[in-house]
Structure formats: structure tokens, C-alpha cells
Amino acid sequence: MSPVVTVLLLVAGFSEAAGRLLPLVARLSGASRTRVVGMMVAGAVVDGAVFALWPLSAWTLAELVLVTSPSDEAALVWTADLAVPLLLAAVLAFPLLGPFLHLVLMVGVGAGLATALATVAGVGWWGAAGCVAAAGVGLGVAVEGVRRLVVRLSTGRTPEPLT
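Reading guide: rules and limits
Throughout this document, residue positions are counted from 1 along each chain, in the order its sequence is written. Local features are withheld for residues below a pLDDT of 70 in this predicted model, meaning they are given only at 70 or higher, and side-chain atom pairs are given and counted only at 80 or more; totals for whole chains, interfaces and linings count all residues. Note that water and hydrogens are dropped before the side-chain values are worked out from all heavy atoms of the structure. A side-chain nitrogen of Lys or Arg and a carboxyl oxygen of Asp or Glu constitute a salt bridge if their distance falls within 4 Å. Each helix corresponds to a stretch of at least 4 residues labelled H or I by DSSP, and each strand to a stretch of at least 2 residues labelled E; elements are numbered beginning at the N terminus. Only protein chains enter the calculation, and the probe is 1.4 Å; a residue is then buried if its accessible area is under 20% of its type maximum, exposed if over 50%, and partly exposed in between. By nonpolar core we mean a set of buried residues, namely Ala, Val, Leu, Ile, Met, Phe, Trp, Tyr and Cys, connected to one another through side-chain atoms within 4.5 Å. A helix is expected to span 1.5 Å for every residue after the first. At any given residue, the bend is defined as the angle formed between two axes, one fitted to the seven residues that end at that position and one fitted to the seven that begin there. Only residues above 30% relative accessible area that lack a salt bridge enter a patch, with like-charged residues linked at up to 9 Å and the nonpolar side chains Val, Leu, Ile, Met, Phe, Trp and Tyr linked at up to 5 Å. Under the convention used here, a 1.4 Å probe and the Shrake-Rupley method define accessible areas, while residue burial counts only the protein chains that appear. A score between 0 and 100, pLDDT records how confident the predictor is in each residue. Contacts are assigned to residue pairs that have any heavy atoms within 4.5 Å of one another. Axes here refer to lines fitted to C-alpha atoms; in helices the fit is confined to the stretch in contact. Angles between the N-to-C directions go from 0 to 180 degrees. The cut-offs work like this: below 35 degrees is roughly parallel, past 145 is roughly antiparallel, 65 to 115 is roughly perpendicular, and the gaps in between are oblique. Crossing handedness is defined as follows: a turn of the near helix away from the far one that is anticlockwise and smaller than a right angle gives a left-handed crossing, while the clockwise case is right-handed. Think of it as three bins: nonpolar holds Ala, Val, Leu, Ile, Met, Phe, Trp, Tyr, Cys and Pro, charged holds Asp, Glu, Lys and Arg, and polar takes everything else, Gly as well.

Visitor: Help me understand the pattern of salt bridges in this model?
Guide: Two side chains with opposite charge may pair up if their charged atoms get near one another. Following the criterion strictly, the structure yields one salt bridge and no others. Arg148 serves as the salt-bridge partner of Glu144, at 3.5 Å between the closest nitrogen and oxygen. Of this pair, Glu144 and Arg148 both sit in helix α5 (residues 125-154), separated by four residues, roughly a single helical turn. Judged by relative accessible area, Glu144 falls into the partly exposed class, the value being 26%. According to the relative accessible area criterion, Arg148 is exposed, its value standing at 59%.

This is the structure:
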């Protein structure tokens, strides 16, 4: 992966993390700047890693499901022309700008990945799109599960008032 693509994925991860964390930070009264910066950096790394794993997961799924003989070509990887729309989708992930628009842009990014996967793997576009969608949904569900687990573990239990 080139340095430009790595930077694009990290910026996309930062933007995605900001879109998810800023509403939470706004509700936290007295959150220290150190804690907010730490959450933003951790969120950027996690979201950037998930974005980086998306083509690899789709390629692996396509090899398992669609390709009957192993190919000699390299696996599907992010390129700058594939990552730039992802960056736009991450920037528009802010809740106030609309989750539906973000979803539409992510579908567009997935279509670009499906086209690249179909070319590299030598499979049909619809099969490649299914692999990209399944990989994206699988990664999304996994990271959302980890987020919920971290939130559950990091929040203290407040005792119920006795009546």
C-alpha cells in the first residue's frame, strides 16, 4: 500500500471516528482534552484498519466462494482512485449531514471495489459485488460489536436509586 493511500485511509478513519465520537463527546460533561484526543486517535486507527481490511476481506471471500483455481495475480488492494471516494464518504459520515447520503456513498465506494475485484479475480461483477458487500457488512458488524463491548466495559455502572 502506497504512503498516499495509507494517509487517505487514516484521514478517512479520522473523519469517520469524528463523526461517531463528536456527538458522544458533546454529551460528556467534563471530558478532558486528553481523553477526547485519545478516543479520536484510537477511533481513527480502528476505522482506518477496517477500511484497509475491506478489499482484502472481499478478495479472500471471492477466492473462497467464486474463484475455482488460484490466480497468479496479486490480491485486491486500495489504490488512490479507489480510496478518494472512501474519504469523501467518511467526511460525510457526520450525523448532521445524513446517514442516508453516507450509505449511498459507501455503496458507490463498494461498487468501485467490486469493479476492481471483478477485474483482478476474473469473476462476474455481481459475484464480486456480493463479496464486497458481504465483506463490508461483516467488518461493519464486527467493529460495531467491538465498539459496543468497549462502551459497555468503559462505562461504570450507576446504582439504581432505592425507593
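Let's pick the thread back up.
Visitor: Is there a simple way to explain the nonpolar core in this structure?
Guide: The nonpolar side chains of soluble globular proteins are, as a tendency, buried together. In this structure, Trp54, Leu117, Ala128 and Val132 are the most contacted members of the largest nonpolar core, which totals 24 residues. Taken together, the elements giving at least two residues each to this core come down to α1 (3-27), α2 (33-65), α4 (99-121) and α5. Top element by residues in this core is α4. It accounts for eight residues.

Visitor: Which parts of the structure should I look at to understand α2?
Guide: Spacing of three or four residues puts side chains on the same side of an α-helix, whose turn is 3.6 residues. For α2, with 33 residues, the first-to-last C-alpha span of 47 Å sits near the 48 Å given by 1.5 Å per residue. Its maximal kink placed at Trp54, α2 deviates by approximately 35°, while the proline Pro55 follows within four residues.

Visitor: How should a nonpolar patch on the surface be read in this particular structure?
Guide: A cluster of nonpolar residues, Leu10, Val37, Val41 and Val45, forms a patch on the protein surface that exposes about 340 Å² of accessible area. Following the sequence through the fold, Val45 ends up in helix α2.

Visitor: Could you clarify how one ought to interpret the environment of Leu56 in this entry?
Guide: In this structure, Leu56 sits in helix α2. Sequence spacing of Leu56 and Val132 is 76 residues, and the spatial spacing of their C-alpha atoms is 9.5 Å.

Visitor: Help me out: how do you make sense of α1 in this one?
Guide: Compared with the 36 Å implied by 1.5 Å per residue over 25 residues, the 36 Å span of α1 between its first and last C-alpha is a close match. Of all the bends found along α1, the most pronounced is centred on Leu21 and spans about 35°, while Pro23, a proline, follows it within four residues. Turning to α1, its buried residues number three or more, namely Val5, Leu8, Leu9, Ala12, Gly13, Ser15, Glu16, Ala17, Ala18, Gly19, Leu21 and Val25.

Visitor: Teacher, can you tell me more about the confidence of the model for the chain here?
Guide: As a general rule, the predicted coordinates of low-pLDDT regions are not to be interpreted in detail. Chain-level statistics for the chain give a pLDDT mean of 75 and a share of 71% at 70 or above. Within the chain, the element-level pLDDT minimum falls on helix α3 (residues 80-91), averaging 67, and the maximum on α5, averaging 85.

Visitor: Looking at this model, I keep getting lost on the side chain of Asp47. Mind explaining?
Guide: Within the secondary structure, Asp47 sits in helix α2. Residue contacts for Asp47: discarding those within four places in its chain leaves Gly13, Glu16, Ala17 and Arg147.

Visitor: Please clarify how the packing of α1 against α2 should be interpreted in this entry.
Guide: For any two helices packed against each other, the geometry is given by the interaxial angle and the distance between the axes. Orientation of α1 relative to α2, taken along the N-to-C sense of each, is 130°, at an axis distance of 7 Å. Looking at the two axes, α1 sits oblique to α2. The two elements α1 and α2 cross, and the hand of that crossing is right-handed. Contact residues: Leu9, Leu10, Ala12, Gly13, Phe14, Glu16, Ala17, Ala18, Leu21 and Val25 in α1; Val36, Met39, Met40, Gly43, Ala44, Asp47, Gly48, Phe51 and Ala52 in α2. Across the contact of α1 with α2, the residue classes break down as 14 nonpolar, three polar and two charged.

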